[in-house]
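Tertiary structure, described
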Amino acid sequence: MKGNSNSLLKKLSNKLKLPSFPSLTKSKPSLIPDVLDEIFRHLSDDRATLRACALVCRLWCRLVIPILWADPFLKRNEYGYFAIRTYICCLDENEKTMLREQNIHIPEFPTTLFDYPVFLLTFNYNNFSMGLEDFVTGNEKTFLNMNEKRLIISKVIINMIFTRSRGIRKFDYYRSHLSSQIILTLDHSLSIFGGKKENEIDKYNALNKISTFKFNGFCLKDEIYKVTWPNLFTNMSKSATNIKYLSLYIKRKDFNIQAIYSSIAKLISSQKTLKSFEINEIWIRQSEKNIFTALATTQSHTLGSLRLDGRVRLSILMELLTACYNLHTLEVKEFYKNDYVPVLKYSGVKFSIKNLYYLQNQNNYSENDNEYEISLLLQFISENLEMFSCKYFCPEIFINLKKYSVRLTQLRIIIKSQTIMRFSKVMSVMSSLKYLYIESPREEYTLFTAPMMEQLAHSLPLSLVHLSFNLSITQELLKVFLTGCFVHLNTLELFNVYASNRKLSLIISEHCNKLGSLKTLKLSKSLLEKYVHNRKKGSYRIIESIPDWFQEPI
């Protein structure tokens, strides 16, 4: 057993690239569990290695099991079945007797070594439901009254997990199989599970430590929208009052049920320190006042990030931005057109927004669209704005960037051949810009010209330290751009260069050696393959990378 322990330690050290340490002496035995625990936690995604470690000795088993069972439904696979089976074995005798009385088969296994529900920190609803359904259908010898059995088992398991866990930190609700009866029974079990009621003796609440709640639901039954989900949100507002990251996505557009709007507003209002909130268009369309009022009145001092994944009325949004004086990140996908905003009302108001993402839908965008709303928003919040991310620029946005947002330090944009000249004029006045991410659609490949590249290169502010360049251009146009660029960059990222060959190495090397300031060169996989023979030249690192401009913000 000792030999196995040493070999696994050596394997883990090589895998994690840990430095070699001298053998621990008998004077420091207390360090061993702490060091091992740190190593094991770095392997939380490598389940196979952790399971092997759990078999080494009692100490390793005691350290590994809580990590494995903190998120037993991390992935959708066959382990969900075995996790449910283990949870069944953890039921007390009264609960097992109740199941037997309902003709539900209980697996005969020895007493479990650990109280596994205690370790649960992440509850993945979808993967849990898949494992539960696999267990119910695979374990029952008779299919009589199967729906009732599903409901009973789901209630018992949900109650055990939510009452015996030391504190769930993350609750991820997502539906992937809409026709399954197990989903409906689980929804029912969750909806009737509540926190402490009025005049009830205070008891331990496993939901009170939830910090992240992600809800992504869709159902064809009106009852789910009218009763089940409102009950779930209402009960969570009593039990889970420490949520910091709240995300709500509902995928049905043909209902108008006030109960679910009110329950979401109640859930928002019940939180003590809500830091991030996300919601999709279906809510904004019909109940933005309820939702925004709850945020403005109860979370004005804590809310730091707001994401509206759909259309929103700027007039209502401005009221929320005025109230939330610590809001630093705002993402808006689209605005309703022709919405009246009392401009004079916000004259002199200071807004705290530092990061603005405007990611309008490309399919709904036209070059002739009136972008009055985003331009007006830029005007209002420009004083503290540091980062702006936008797709498909229009003239109004260019004008407002040049007029109000010259103090930006980070800019992420998509430009086209017909807007590159105007964009170059904007660049020439941004003396504080440090990070620039530019991209163009692939169809622009044949439309860029050498004069465009020259003007863009000459317009870049000398304050730039990081340039991510993903324009759809040829290698010759890249050479024109790099020849005309005299900005002393620390980091240069290059992607999407067409018709590249081995001369690419010479073009990039000449530019980097000319400036002498570059520390990191990031290339796409295809460009790195052309650069391979020259990778060791220069004093800068060369690494493979991919664009990350329009990933989801924090």
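Residues numbered from 1 in each chain as written. Predicted model: local features only at pLDDT ≥ 70, side-chain atom pairs only at ≥ 80, totals over all residues. Heavy atoms only, no water.

1. Here we look at the overall build of the protein chain
- The secondary structure content of the protein chain amounts to 20 helices and 17 strands.
- Classification of the 554 residues of the protein chain by burial places 52% in the buried group.
- For the protein chain, long-range pairs separated by at least 24 residues make up 76% of all intrachain contacts whose partners lie at least 6 apart in sequence.
- As displayed, the protein chain has an accessible area near 26,900 Å², and 51% of this comes from carbon and sulfur atoms. (Helix = DSSP H or I, 4+ residues; strand = E, 2+ residues; numbered from the N terminus. Buried < 20%, exposed > 50% of the residue type's maximum accessible area, 1.4 Å probe, protein only. Contact = heavy atoms within 4.5 Å. Areas by Shrake-Rupley, 256 points an atom, 1.4 Å probe, with all protein chains shown as cover.)

2. Quick look at the environment of Ser 431
- When you line up the elements, Ser 431 lands in the loop between α16 (420-427) and β11 (435-439).
- On the basis of relative accessibility, which here comes to 58%, the residue Ser 431 falls in the exposed class.
- Taking C-alpha positions, Ser 431 is 6.2 Å from Ser 463, a pair spaced 32 residues apart along the chain.
- Apart from the residues within four sequence positions on either side, Ser 431 is in contact with Val 406 and Ser 463.

3. Some thoughts on helix α6 (residues 93-101)
- For α6, every residue scored as buried is listed here: Glu 95, Lys 96 and Leu 99. Buried residues of α6, seen end-on, are gathered within an arc of 100° and therefore sit on one face of the element. Facing away from the buried surface of α6 by more than 90 degrees, the exposed residues are Glu 93, Asn 94 and Glu 101.
- Where α6 is buried, its residues touch α5 (79-89) and α8 (146-164).
- Phi turns positive, to about 60°, at Asn 103, one or two residues after α6. (Arc of directions from axis to C-beta.)

4. Some details on the pairing of β11
- Taken across its 5 residues, β11 has 4 buried, putting it largely inside the fold.
- Relative to β11, strand β10 (residues 410-414) runs parallel, the two sharing 5 bridges. Note on β11: the bridge partner recorded for Gln 410 is Tyr 435.
- Regarding the hand of the β-α-β motif, the stretch spanning β10, α16 and β11 is right-handed.
- One crossover worth recording links β11 to the parallel strand β12 (residues 466-470) by way of helix α17 (residues 450-459), and it is right-handed. (Pairing = 2+ DSSP bridges. Right-handed = clockwise from strand over helix to strand, strands pointing away.)

5. Re the packing of aromatic side chains
- Considering all chains together, one arrives at 24 aromatic pairs under this definition.
- Its guanidinium or amino end placed over the ring of Tyr 336, Arg 313 lies 4.4 Å from that ring's centre, counting from NZ or CZ. (Phe/Tyr/Trp six-rings, centres within 6.5 Å; stacked < 30°, edge-to-face > 60°. Lys NZ or Arg CZ within 6 Å of the ring centre and 35° of its normal.)

6. What to know about unusual backbone geometry
- Positive phi is not limited to glycine here, since Asn 496 has a value of about 60°.
- Note that Asn 496 resides in the loop between β14 (491-494) and β15 (497-498).

7. Quick notes on the nonpolar core
- Grouped together as the largest cluster of nonpolar side chains are 162 residues, with contacts concentrated most on Phe 213, Phe 277, Leu 317, Phe 388 and Phe 469.
- Among the elements that line this core, the one with the most residues is α8, at 9 residues.
- Beyond its immediate sequence surroundings of up to four residues, Phe 277 is in contact with Leu 246, Leu 248, Ile 268, Ile 291, Leu 295, Leu 303, Ser 305, Leu 306 and Arg 307. (Core = buried A, V, L, I, M, F, W, Y, C linked by side-chain atoms within 4.5 Å.)

8. As for the pairing of strand β3 (residues 212-217)
- Sheet analysis places strand β2 (residues 170-174) next to β3, joined by 5 bridges and oriented parallel. Bridged to Lys 170 within β3 is Thr 212.
- Each parallel crossover has a hand, and the one from β3 via helix α10 (residues 222-239) to strand β4 (residues 245-250) is right-handed.

9. So, α8
- The end-to-end C-alpha distance of α8 is 27 Å, a good match for the 27 Å that 19 residues give at a rise of 1.5 Å each.
- Listing the buried residues of α8 in full gives Met 146, Lys 149, Arg 150, Ile 152, Ile 153, Ser 154, Val 156, Ile 157, Ile 158, Met 160, Ile 161 and Phe 162. (Expected span 1.5 Å × (residues − 1).)

10. What about the pattern of salt bridges?
- Within this structure, the stated rule accounts for 7 salt bridges.
- In this structure, Arg 164 and Asp 115 form a salt bridge, with 2.6 Å as the shortest nitrogen-oxygen distance. Placement of the pair is Arg 164 in helix α8 and Asp 115 in the loop between α6 and β1 (122-124), with a sequence separation of 49 residues.
- The residue Arg 307 makes a salt bridge to Glu 331 at a minimum N-O spacing of 3.5 Å. (Salt bridge = Lys/Arg side-chain N within 4 Å of Asp/Glu carboxyl O.)

11. Considering the state of the cysteines
- Following the criterion strictly, the structure yields 0 disulfides and no others.
- In this structure Cys 90 is not part of a disulfide, and its nearest cysteine sulfur, from Cys 89, lies 6.9 Å away.
- The exposure class assigned to Cys 90 is buried, which follows from its relative accessible area of 8%. (Disulfide = S-S within 2.5 Å.)

12. Quick notes on the packing of α16 against α17
- Contact pair α16 / α17: the axes reach a minimum separation of 8 Å and the direction vectors enclose 15°. Considering their axes alone, α16 and α17 lie roughly parallel with respect to each other. Crossing angle aside, the handedness with which α16 passes α17 is left-handed. Residues Ile 420, Met 421, Phe 423, Ser 424 and Met 427 of α16 lie in contact with α17, whose contacting residues are Pro 451, Met 452, Met 453, Gln 455, Leu 456 and Ser 459.
- Residues that form the contact of α16 with α17 fall into these classes: 8 nonpolar, 3 polar and no charged. (Axes fitted to C-alpha atoms, helices over the stretch in contact; angles between N-to-C directions. Parallel < 35°, antiparallel > 145°, perpendicular 65-115°, else oblique. Left-handed = near helix turned anticlockwise from the far one by under 90°. Nonpolar A, V, L, I, M, F, W, Y, C, P; charged D, E, K, R; others polar.)

13. Digging into the environment of Ser 509
- Within the element layout of this structure, Ser 509 appears in helix α19 (residues 503-515).
- In this structure, the C-alpha to C-alpha distance between Ser 509 and Tyr 531, residues 22 residues apart in sequence, is 9.7 Å.

14. Things to note about the environment of Ser 405
- Looking at where Ser 405 falls in the secondary structure, it is placed in the loop between α15 (395-404) and β10.
- With near-sequence residues (within four places) excluded, Ser 405 lies in contact with Leu 378, Ser 382, Leu 385, Asn 400 and Met 430.

15. Points about the confidence of the model for the protein chain
- Considering every residue of the protein chain, the mean pLDDT works out to 81; 82% of them sit at 70 or more.
- Note that pLDDT drops below 50 for residues 194-203; the model gives that stretch 7 contacts with residues more than four away or on any other chain.
- Confidence over residues 550-554 falls short of pLDDT 50; this stretch has 12 contacts with residues more than four positions distant or in other chains. (pLDDT = per-residue confidence, 0-100.)

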